[in-house]
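Reading the structure
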Amino acid sequence: MSIKVVRPGLLVTVQDLGRFRYQKYGVVAGGAMDTGASRAANLLVGNEGHEAVLEITLTGTELVLEQDTLLAICGARMLVTADGEELPLWRPALVRAGTVIKFGACESGCRSYFAVAGGWDVPEVMGSKSTYLRGAIGGYKGRALKAGDVLAAGDPSLLSERMKESLQIGWRGYGSFAVPLWHASHFAIADNLADPIIRALPGTHYERFTAESKSRLFSQSFQISVQSDRMGYRLEGNHKLELAAPLELLSEAVASGTIQVPADGNPIVLLADRQTTGGYPRIGQVATVDIAVFAQLKPGDRFRFEWITQQEAEELYLDSERDLRMLKAAVALKFNSAN
């Protein structure tokens with residue numbers, strides 16, 4: 001299977017779950033911003049959750065399928081069409097060769113993930129297919145996709161082949177695609193962004209901030225600044241966050257979701273393409289399950305932090321992993337029993 005890029009839209013890159021074990025050498029982890037949507041899309045086409053997907057930002061992307069393709073699109077709530085007909089999200093779809101897939105405007109959210117059976121066949125760099133744009137490595141030639149690019153898919157799994165055979169029954173004689181009636185949209189972060197709340201824990205230097213700043217972190221709302229990207233989201237609040245006294249720090253390792261506070265008092269949440277070390281005070285740490293919320297927030301969106309304990313964060317993480325395991329098992333059961 002392969003696709004051709006007709007229009008790349010705002011930004012399309014190949015991403016998997018990231019490039020690990022190299023941060024000690026200064027190599028960023030990278031990977032999909034919304035890992036839940038990325039993993040779900042892969043599971044819905046019979047892949048393992050770590051396979052490479054296309055991360056599609058906002059709108060304007062247009063692709064043409066060069067062969068019959070088993071695909072799934074998860075993430076932002078947006079209008080996606082196949083030859084002009086709305087293509088349902090959060091479920092496997094078998095789409096005919098020659099079909100044009102268009103991504104319209106986002107109703108909610110910011111990023112979508114396009115998975116195909118077998119994953120995208122691009123070279124691994126340091127154990128990952130993820131694109132790191134600043135370093136020009138990974139993905140498709142180390143860059144965002146351009147018009148005219150052609151991407152091939154890898155070898156589909158046995159489960160993917162069974163899914164394709166099952167769905168072929170649904171398109172005989174009509175239509176450009178076939179989908180099942182069920183879906184997995186309960187994983188959709190973009191469906192719950194009316195008043196987003198992001199759960200966070202106190203960070204390493206939380207107690208070094210003023211009492212007012214500690215209170216403001218969890219009481220005021222923040223707006224996503226236009227100075228935000230895959231490396232991190234800059235936040236703007238009604239009040240600055242301030243240290244109780246000057247603090248000299250050596251650069252230390254940082255993680256996805258670390259909330260740093262530079263001298264201007266406006267916090268920065270580090271995300272997928274974060275640097276490997278940081279020297280700003282760390283007032284908080286976003287719970288792992290909510291890091292992906294930032295993938296679906298856009299500049300200008302507002303949210304607020306909510307206090308959470310480490311135990312609660314761990315339990316939420318385990319619940320999310322259980323849900324993905326259940327999705328994988330349900331897909332396998334559905335299509336293995338159908339053949």
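Here, the structure is the one placed above.
What this report covers is the structure whose coordinates are included nearby. What you see as residue numbers is a count from 1 along each chain, following the sequence as written. It should be noted that, the model being predicted, local features are given only for residues of pLDDT at least 70 and side-chain atom pairs only at 80 or more, the latter also being counted only at that level, while totals for whole chains, interfaces and linings use all residues. Excluding hydrogens and water, the side-chain values take into account all heavy atoms of the structure.

1. Regarding the overall build of the protein chain
Where we set the bar: Comment: elements are numbered from the N terminus, with helices defined as DSSP H or I runs of at least four residues and strands as E runs of at least two. As a reference, a globule follows 2.2 Å times the number of residues to the power 0.38, and the radius of gyration itself is taken over C-alpha atoms. The rule is simple: take the accessible area with a 1.4 Å probe, protein chains only, and divide by the maximum for that residue type; under 20% is buried, over 50% is exposed, in between is partly exposed. We call two residues contacting when some pair of their heavy atoms lies within 4.5 Å. Where accessible areas are quoted, they stem from the Shrake-Rupley method and a 1.4 Å probe; at the residue level, only the protein chains shown are allowed to cover. Charge counting treats Lys and Arg as positive and Asp and Glu as negative, with His and both chain ends excluded. Just so you know, the charge point we use is NZ for Lys, CZ for Arg, CG for Asp and CD for Glu.
The helix and strand tally for the protein chain stands at five helices and 19 strands. Since a compact globule built from 339 residues should have a radius of gyration of about 20 Å, the 21 Å found for the protein chain is in line with a globular shape. Across the 339 residues that make up the protein chain, the buried fraction comes to 52%. Taking the contacts inside the protein chain whose residues are at least 6 apart along the sequence as the reference set, 77% of them involve residues at least 24 apart. As displayed, the protein chain offers around 14,900 Å² of accessible surface, 51% of which is attributable to carbon and sulfur atoms. Side chains of the protein chain give 35 positive and 38 negative charges; the mean places of these two sets differ by 3 Å.

2. Observations regarding the pattern of salt bridges
Our working rule: Basic side-chain nitrogens of Lys or Arg form a salt bridge, by our definition, when they fall within 4 Å of a carboxyl oxygen of Asp or Glu.
In total, this model carries 16 salt bridges according to the counting rule given. Between D229 and R134 there is a salt bridge; the shortest N-O distance is 2.9 Å. Taken as a pair, D229 in the loop between β12 (221–224) and β13 (232–237) and R134 in the loop between β8 (100–116) and β9 (150–152) lie far apart in primary sequence, 95 residues in all. Relative accessible area serves as the criterion here: at 31%, D229 is assigned to the partly exposed category. The exposure class assigned to R134 is exposed, which follows from its relative accessible area of 53%. Close ionic contact of D323 with R322 constitutes a salt bridge, the shortest N to O distance being 3.2 Å. Salt bridges sharing common partners tie together E55, R111, R230 and D273.

3. A few points about the nonpolar core
Short version of the rule: Among the buried residues, those of types Ala, Val, Leu, Ile, Met, Phe, Trp, Tyr and Cys that are joined through side-chain atoms within 4.5 Å form a nonpolar core.
Counting 86 residues, the largest nonpolar core has L54, F114, F294 and F305 as the members making the most contacts within it. Looking at this core, the element that brings in the most residues is strand β5 (residues 69–82), giving nine residues.

4. Some details on the packing of aromatic side chains
Quick note on the threshold: Pairing of aromatic rings covers Phe, Tyr and Trp, the last counted by its six-membered ring, and requires centre-to-centre distances within 6.5 Å; plane angles under 30 degrees mean stacked, over 60 mean edge-to-face, and any other angle means tilted.
Tallied over the full model, the rule gives 11 aromatic pairs. Ring geometry for Y206 versus W307: centroids 5.9 Å apart, planes at 70°, classification edge-to-face. Taken together, the residues span a long stretch of sequence, with Y206 in the loop between β11 (197–202) and α3 (211–219) and W307 in strand β19 (residues 302–307) at a distance of 101 residues. W307 sits in the partly exposed class, given a relative accessible area of 44%. Between Y233 and F294, the aromatic rings sit 5.7 Å apart at their centres with planes inclined by 85°, giving edge-to-face as the arrangement. With Y233 in strand β13 and F294 in the loop between α4 (288–291) and β19, the pair connects residues that are 61 residues apart, well separated along the chain. Assessed through its relative accessible area of 2%, Y233 is described here as buried. The class of F294 is buried, set by a relative accessible area of 0%. Grouping aromatic residues by their ring pairs yields a cluster made of F222, Y233, F294, F303 and F305.

5. A closer look at the side chain of S112
Inspection of the secondary structure puts S112 in strand β8. Leave out the neighbours within four places in its chain, and S112 touches L54, E55, I56, I73, C74, G75, A76, M78 and F103.

6. Focus on the environment of D34
Just so we agree on the cut-off: Here a polar contact is taken to be a pair of N or O atoms separated by no more than 3.5 Å, where protein atoms must pair a possible hydrogen donor with a possible acceptor and residues adjacent in sequence count only if both atoms sit in side chains.
Checked against the element boundaries, D34 lands in the loop between β2 (11–15) and α1 (35–43). When the C-alpha atoms of D34 and G75 are compared, they prove to be 7.5 Å apart, with 41 residues separating the residues in sequence. When residues no more than four places from it in sequence are discounted, the contact partners of D34 are Y113, I189, A292, A295 and Q296. Here the side chain of D34 touches G36 through a polar contact of 3.3 Å, landing on its backbone nitrogen.

7. Considering α3
Defined as follows: Arc definition: it is the arc formed by the directions from the helix axis to the C-beta atoms.
Restricting attention to buried positions, one finds in α3 the residues S213, K214, L217 and F218. Projected onto a plane normal to the axis of α3, the buried residues spread over an arc of 130° and lie on a single side. In α3, the exposed positions angled more than 90 degrees off the buried face are occupied by A211 and S219. For α3, the elements touching its buried residues are β11, β12, β18 (282–286) and β19.

8. So, α1
One turn of the α-helix equals 3.6 residues, which is why residues spaced by three or four share an orientation. Taken as a whole, α1 has its buried residues at A37, S38, A40, A41, N42 and L43. Between the side-chain oxygen at the start of α1 and the backbone nitrogen of G36 there is a gap of 3.3 Å, and the oxygen is on D34.

9. Quick word on the sheet that holds β11
The criterion, for reference: Only strands joined by at least two bridges in the DSSP assignment are considered to pair. In this description, a line fitted to the C-alpha atoms serves as the axis of each element, helices being fitted only across the stretch in contact, and the angle between N-to-C directions of two axes falls anywhere from 0 to 180 degrees.
As summarised here, the arrangement of the seven strands in space is β11-β18-β15-β16-β13-β12-β19, forming a closed barrel in which the pairing is mixed. Averaged over all neighbouring strand pairs, the angle between strand axes comes to 40°, with direction disregarded. This element, α3, spans β11, β12, β18 and β19 of the sheet and lies at about 115° to β19.

10. Quick word on a negative patch on the surface
In plain terms, the rule: Patch construction takes residues with relative accessible area above 30% that form no salt bridge. Like charges are linked within 9 Å, and nonpolar side chains (Val, Leu, Ile, Met, Phe, Trp, Tyr) are linked within 5 Å.
A contiguous patch of negative charge, built from D83, E85, E86 and E107, is present on the exposed surface. With respect to the helices, strands and loops of the structure, E107 is situated in strand β8. By relative accessible area, E107 is classed as exposed at 60%.

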